[in-house]
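Spelled out, the chains give:
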Amino acid sequence: MPNEVKGLNEECGLFGIWGSEHAAQLTYDGLHSLQHRGQEGAGIVSNDHGEFHRQRGLGLLAEVFSDPQKMTTLTGQAAVGHVRYATAGNHGVENIQPMLFDHPQVKQFALAHNGNLTNANQLRQELRAQNVTFQATSDSELLGELVQVSNQPDFISQLKAGLNHIRGGFAYIMMTPTALVAALDPNGFRPLVIGKMDDGATIICSETCALDQVGATFVRDVEPGEVVIVNNHGMTIDHFTTDTHLAICSMEYIYFARPDSVIRGISVHEARLRMGANIAKEAPVKADVVIGVPNSSLSAAIGYAKASGIPYDMGMIKNQYVARTFIEPTQAKRARGVSMKLSVVKSVVAGKDIVLVDDSIVRGTTSSYIVRLLKKAGAKSVHVRIASPVLKFPCYYGIDIQTTKELIGANHTVDEIRDLIGADSLAYLSVDGLVNAIGELNDTTNHGLCTAYFDGQYPTPLYDYQAGFDEEVARLGLYEGVQHID
Ligand SMILES: O=P(O)(O)OC[C@H]1O[C@H](OP(=O)(O)OP(=O)(O)O)[C@H](O)[C@@H]1O
Ligand SMILES: NC(=O)CC[C@H](N)C(=O)O
Ligand SMILES: [Mg+2]
């Protein structure tokens, strides 16, 4: 299991389609617009009258499919695809999804997962005791094996039993020879949407930007606890549980999702504009220009500028030929990565008092580099405004932040961080300001959102991760009275 925080990483992207002559090509196109969710590997399984064909590999989608021959093997009218960023298991090709399983009744099924299971260790032990052998090392396959060992009478009952046995964050798309099946965990941590093509094909995918990419119309969100079954007779909505409590990951709105996506009726770009506007109200400052850190904070920077009346300008640019997340094993390499990625437009910043807006600080690599770069380019002062609260708790539901050790916000006060990054002032958005910016998704105490990274309020027990979490909280004296909302 990765135990080092490497910066903010994405989490996997899913795309499934049923009933199209161009199933594999549309899956490729959809995954292309979900590439920001995972850059470690990609795969597509197509379904040609019950015969499955798979191509998968390490790297970006375009790299995996650089040989045009590969797409031509993916025949059929249904397909499921995945782009991976690992949260569990190693980085090898065996963990690249979709995974394939044999099944006595349906013959075979494919499985693609976004999220992270919190009871994977326990499940693995249980399955090992039943002589199950594993095909990979990540958590994702465990649902497939639970289906295989279930003594329920049919595939859907077996799947429901498995879904009731796993814990944590999971959006799944599965495919049997005769159906596309999707399921979402009882907290709905990850986004999952249903769309329709003009020719009648049905799509289920992680974000609405993938529906737009392939020209599909949004139909509805998949709801927590649902099992959606699409086959030649249409779509059926079923449940594996009705004991649900919406807690969608607030980091989806802050950083992960693409700004042109709409999650549960809320435009990601609009939510980020409001985050920027709220931090402008909470922490105003006199300055000449507002600049954002490309790319993910640009919406928030525009929001800050609009609300404060300080003009927004393009003070920084990002080299388009560097992958979004620069995952490097050493701090020296990470710093070089940021310097290869971001540069300053001197004429915008020289001699100015600057508000620098970013969406988040994880290790502080990006902001300390940029503040120094701005000062070197002649900025008079740099006031850093972060459009989310202080990131100090791990995430166990699908973001690769499973330790507080390298989270600067867990180990330092805001004043210390200001000095470490060399800013003239530093302020973070409050949790209330964040919730207000996203909007209340329902009238429960958590407003339908998971804000655990900021306030330690985990919406579920943590199972495999509980002991480690308790140890870290105690070590850092992070928070008194951290609770779970059971
Ligand atoms: O404090 P750090 O450890 O440096 O991590 C925080 C930075 O990482 C993310 O951006 P990313 O580099 O993923 O690029 P993006 O904004 O273009 O997505 C995030 O938006 C911050 O800018
Ligand atoms: N980012 C994700 O959603 C990861 C899925 C799965 N846990 C894996 O490690 O492959
Ligand atoms: Mg960024």
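Per an unreviewed UniProt entry, the chain carries the name Amidophosphoribosyltransferase and comes from Secundilactobacillus folii. A UniProt comment under Pathway (unreviewed entry) is attached to the chain, and it reads "Purine metabolism; IMP biosynthesis via de novo pathway; N(1)-(5-phospho-D-ribosyl)glycinamide from 5-phospho-alpha-D-ribose 1-diphosphate: step 1/2." Regarding the chain, the relevant UniProt record gives this comment under Function (unreviewed entry): "Catalyzes the formation of phosphoribosylamine from phosphoribosylpyrophosphate (PRPP) and glutamine."

### Considering the site of ligand 2
Contacts to ligand 2 come from 17 residues, most closely from Glu11, Cys12, Thr87, Asn114 and Ser138. In terms of residues, the shell around ligand 2 owes the most to one element, strand β6 (residues 107-117), which gives 4 residues. Of the residues that constitute the shell around ligand 2, the class distribution is 4 nonpolar, 10 polar and 3 charged.

### A look at the nonpolar core
Counting residues in hydrophobic clusters, the biggest one holds 80 residues, and the most contacted among them are Met275, Val290, Ala301, Tyr304, Ile354, Leu356 and Leu374. Per-element accounting of this core gives the leading share, 7 residues, to helix α9 (residues 268-282). Counting 72 residues, the second largest nonpolar core, distinct from the first, contains Leu34, Ala112, Ile194 and Val222.

### Observations regarding the packing of helix α5 (residues 142-149) against helix α6 (residues 155-165)
Contact geometry of α5 with α6 gives a least axis separation of 8 Å together with a crossing angle of 130 degrees. By the angle between their directions, the pair α5 and α6 is classed as oblique. Judged by the twist between their axes, the crossing of α5 over α6 is right-handed. Seen from α5, the contacting residues are Leu143, Leu146 and Val147; seen from α6, they are Gln158, Leu159, Gly162 and His165. Residues of the contact of α5 with α6, tallied by class, amount to 4 nonpolar, 3 polar and no charged.

### Side note on the UniProt feature "binding site: Mg(2+)" (unreviewed entry) in the chain
Per the UniProt record, "binding site: Mg(2+)" (unreviewed entry) is found at Ser296, Asp358 and Asp359. In terms of the greatest pairwise C-alpha distance, the residues named above, spread along 64 residues, form a tight cluster of at most 7.8 Å across. In this fold, Asp358 is placed in strand β20 (residues 353-358). For Asp358, a count of 22 C-beta atoms within 10 Å corresponds to the buried category. Not counting residues within four places of it along the chain, the set of residues in contact with Asp358 comprises Val293, Ser297, Thr366, Ser367 and Ile386. Here Asp359 is to be found in the loop between β20 and α13 (365-376). Residue classification places Asp359 among the buried residues on the basis of 25 C-beta atoms within 10 Å. Aside from chain neighbours lying at most four places away, what touches Asp359 is Ile254, Tyr255, Ser296, Ser297, Ala300, Ala387 and Ser388.

### Notes on the packing of helix α4 (residues 120-129) against α5
Here α4 crosses α5 at 35 degrees, and the two axes come no closer than 11 Å. In the crossing of α4 with α5, the sense of the turn from one axis to the other is left-handed. Judged by residue contacts, Ala120, Leu123, Arg124 and Leu127 of α4 engage Leu142, Glu145 and Val149 from α5. In the contact of α4 with α5, the residues fall into 5 nonpolar, no polar and 2 charged.

### Focus: the UniProt feature "domain: Glutamine amidotransferase type-2" (unreviewed entry) in the chain
According to UniProt, the feature "domain: Glutamine amidotransferase type-2" (unreviewed entry) maps to residues 12-233 in the numbering used here. Annotated as residues 12-233, this span is 25% helix and 36% strand, and its ends, taken at the C-alpha atoms, are 29 Å apart.

### Observations regarding the domain arrangement of the chain
When the parts come together, some accessible area is lost, and that loss is often what is quoted as the size of the interface. The assigned domain composition of the chain is domain 1 (13-245) and domain 2 (265-445). Each of domain 1 and domain 2 has a C-alpha centre, and the two are 33 Å apart. Counting residues per element, the side of domain 1 that touches domain 2 draws most heavily on β6, which supplies 3 residues. In terms of residue class, the side of domain 1 that touches domain 2 is built from 3 nonpolar, 9 polar and 1 charged.

### Structural notes on the sheet that holds strand β3 (residues 51-58)
Spatially, β3-β2-β4-β1-β10-β9-β11 is the arrangement adopted by the 7 strands of the open sheet, whose pairing is antiparallel. This sheet does not close on itself; its edge strands, each paired only once, are β3 and β11 (217-221). Shown here is a sheet whose adjacent strand axes are inclined to one another by a mean of 15 degrees, direction ignored. Here 8 bridges tie strand β2 (residues 41-48) to β3, and the two strands are oriented antiparallel to one another. When the sheet's bridge partners are listed, Val45 is paired in β3 with Arg54.

### Notes on the environment of Val45
Relative to the helices and strands, Val45 resides in strand β2. Residue classification places Val45 among the buried residues on the basis of 29 C-beta atoms within 10 Å. Between the alpha carbons of Val45 and Gln97 there is a distance of 8.9 Å; along the sequence they are 52 residues apart.

### Comments concerning unusual backbone geometry
Residue Pro98 is reached from Gln97 by a cis peptide bond, and omega for that bond is 0 degrees. Positionally, Pro98 belongs in the loop between β4 (78-84) and β5 (99-103). Pro294 connects to Asn295 through a cis peptide bond whose omega is 0 degrees. In this fold, Asn295 is placed in the loop between β17 (289-292) and α10 (298-308). At Asn131, a position not held by glycine, the phi torsion is positive, near 65 degrees. Unusually for a residue other than glycine, His447 sits at a positive phi of about 60 degrees.

Reading the values: rules and limits
Residues numbered from 1 in each chain as written. Chains lettered and ligands numbered in written order. Predicted model: local features only at pLDDT ≥ 70, side-chain atom pairs only at ≥ 80, totals over all residues. UniProt positions renumbered as here; feature names shortened; annotations may be inferred. Near = placed C-beta within 6 Å. Helix = DSSP H or I, 4+ residues; strand = E, 2+ residues; numbered from the N terminus. Nonpolar A, V, L, I, M, F, W, Y, C, P; charged D, E, K, R; others polar. Core = buried A, V, L, I, M, F, W, Y, C linked by C-beta atoms within 7 Å. Buried ≥ 20, exposed ≤ 12 C-beta atoms within 10 Å, placed from the backbone. Axes fitted to C-alpha atoms, helices over the stretch in contact; angles between N-to-C directions. Parallel < 35°, antiparallel > 145°, perpendicular 65-115°, else oblique. Left-handed = near helix turned anticlockwise from the far one by under 90°. Contact = placed C-beta atoms within 7 Å. Domains from an automatic or database assignment. Pairing = 2+ DSSP bridges.

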